[in-house]
Amino acid sequence: MAISQLNQLYASASPTPQEKGRTCRYAGQAVRALPIRVITVGKKRSEGVRLLVDEYKTKLKPYCSFEDSLVRSNPRNAQDVRAQVEDEEVAMMKLIGSDDWVVVLDERGRDIDSEAMAELIGDAGNSGASRISFCIGGAYGHGRQVRKRANVTIRLSSMVLNHQIALVVLMEQLYRSWTILKGQNYHH
């Protein structure tokens with residue numbers, strides 16, 4: 001499936017109540033395991049978040065390679081919010097490869113369930129991309145270039161989440177997605 005087709009697929013509305021509880025179309029099938037990179041804008045992580053992230057990195061090892069990149073928030077200590085977002089965006093864009101399949105996490109993104117997240121990973125594996133990059137913005141969100149570069153924009157919640165909480169939720173959902181794809185007993 002071409003990246004442009006995937007963009008159209010994920011541009012559609014949230015799952016309907018009838019779709020909830022459905023099974024992933026890739027469940028139990030072979031899926032090309034793309035390396036995953038999570039790029040997060042923020043400052044030093046709390047010890048609890050580091051422990052949880054490390055735990056999920058270990059859990060993901062049997063499924064795919066994983067890289068966690070932290071972009072320093074407000075690297076030049078700019079007083080202007082726009083300058084801060086632009087500086088963070090420049091650093092984030094340097095980490096995104098030209099053939100990455102980019103998933104931006106944003107409160108205005110598409111609301112997806114766990115099965116749809118698993119399908120997103122399966123679709124990315126079939127897209128011809130070399131890696132999936134998930135992008136978690138800083139306090140003021142993502143800049144225009146990152147949003148434009150996104151193949152899909154999703155949200156983890158309709159509530160605004162701190163970047164550390166968003167990271168932990170994303171890590172758990174990535175692990176859950178792989179267990180769905182492999183037909184393993186984790187997701188009910």
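- For the chain, the name recorded in an unreviewed UniProt entry is Alpha/beta knot methyltransferase, with Arabidopsis suecica as its organism.

### Examining the nonpolar core
So, step 1. Counting residues in hydrophobic clusters, the biggest one holds 39 residues, and the most contacted among them are I36, V38, V103, I132, F134, L174 and W178.
So, step 2. Among the elements of the structure, β1 (36-42), α2 (47-60), β3 (100-111), α4 (114-125), β4 (131-136), β5 (152-155) and α6 (163-181) are those that each provide at least two residues to this core.
So, step 3. At 10 residues, α6 tops the list of elements feeding residues into this core.
So, step 4. Sequence-distant contacts of L174, that is, excluding residues within four places in its chain, are made with I36, V38, L60, F66, M117, I121 and F134.
So, step 5. Grouped together as the second largest cluster of nonpolar side chains are 10 residues, V71, V102, V146 and A150 included.

### Some points on the sheet that holds β1
So, step 1. One open sheet accounts for five strands, arranged β2-β1-β4-β3-β5; its pairing is parallel. Edge strands, defined here as strands with exactly one partner in the open sheet, are β2 (66-72) and β5. Between one strand axis and the next, the sheet turns by 30° as a mean value, whatever way the strands run.
So, step 2. The pairing of β3 with β5 spans five bridges and is parallel. Pairing of V104 across the sheet is with T153, part of β5.
So, step 3. Packing of α6 onto the sheet brings it into contact with β1, β2, β3 and β4, and relative to β1 it is tilted by some 170°.

### So, the packing of aromatic side chains
So, step 1. Inspection of the entire model under this criterion finds three aromatic pairs.
So, step 2. Consider the rings of Y56 and Y175, whose centres lie 6.1 Å apart with planes at 55°: the pair is tilted. Placement of Y56 in helix α2 and of Y175 in helix α6 is noted, with a sequence separation of 119 residues between them.
So, step 3. With a centroid separation of 5.9 Å and 15° between ring planes, the pair formed by Y63 and W178 is classed as stacked. Of this pair, Y63 sits in the loop between α2 and β2 while W178 sits in helix α6, placing them 115 residues apart in sequence.
So, step 4. An aromatic cluster is defined as three or more aromatic residues linked by ring pairs; in this entry it consists of Y56, Y63, Y175 and W178.
So, step 5. It is K59 that lies over the ring of Y175; its NZ or CZ is 5.2 Å from the centre.

### A word on the environment of A30
So, step 1. Positionally, A30 belongs in the loop between α1 (3-10) and β1.
So, step 2. Owing to a relative accessible area of 79%, A30 belongs among the exposed residues under this scheme.
So, step 3. Sequence separation of A30 and K182 is 152 residues, and the distance between their C-alpha atoms is 8.0 Å.

### Examining the pattern of salt bridges
So, step 1. On inspection of all chains with the given rule, the structure shows 10 salt bridges.
So, step 2. For E47, the salt bridge identified is with R50, shortest N-O distance 2.5 Å. In this pair, E47 and R50 both sit in helix α2, three residues apart, roughly one turn of the helix.
So, step 3. By relative accessible area, E47 is classed as partly exposed at 44%.
So, step 4. What makes R50 partly exposed here is its relative accessible area of 30%.
So, step 5. The partner of D106 in a salt bridge is R108, with the nearest N and O atoms 3.1 Å apart.
So, step 6. Assessed through its relative accessible area of 61%, R108 is described here as exposed.
So, step 7. Salt bridges sharing partners connect three or more residues here, namely R45, D54, K57 and D68.

What counts and what doesn't
- Residues numbered from 1 in each chain as written.
- Predicted model: local features only at pLDDT ≥ 70, side-chain atom pairs only at ≥ 80, totals over all residues.
- Heavy atoms only, no water.
- Core = buried A, V, L, I, M, F, W, Y, C linked by side-chain atoms within 4.5 Å.
- Buried < 20%, exposed > 50% of the residue type's maximum accessible area, 1.4 Å probe, protein only.
- Helix = DSSP H or I, 4+ residues; strand = E, 2+ residues; numbered from the N terminus.
- Contact = heavy atoms within 4.5 Å.
- Pairing = 2+ DSSP bridges.
- Axes fitted to C-alpha atoms, helices over the stretch in contact; angles between N-to-C directions.
- Phe/Tyr/Trp six-rings, centres within 6.5 Å; stacked < 30°, edge-to-face > 60°.
- Lys NZ or Arg CZ within 6 Å of the ring centre and 35° of its normal.
- Salt bridge = Lys/Arg side-chain N within 4 Å of Asp/Glu carboxyl O.

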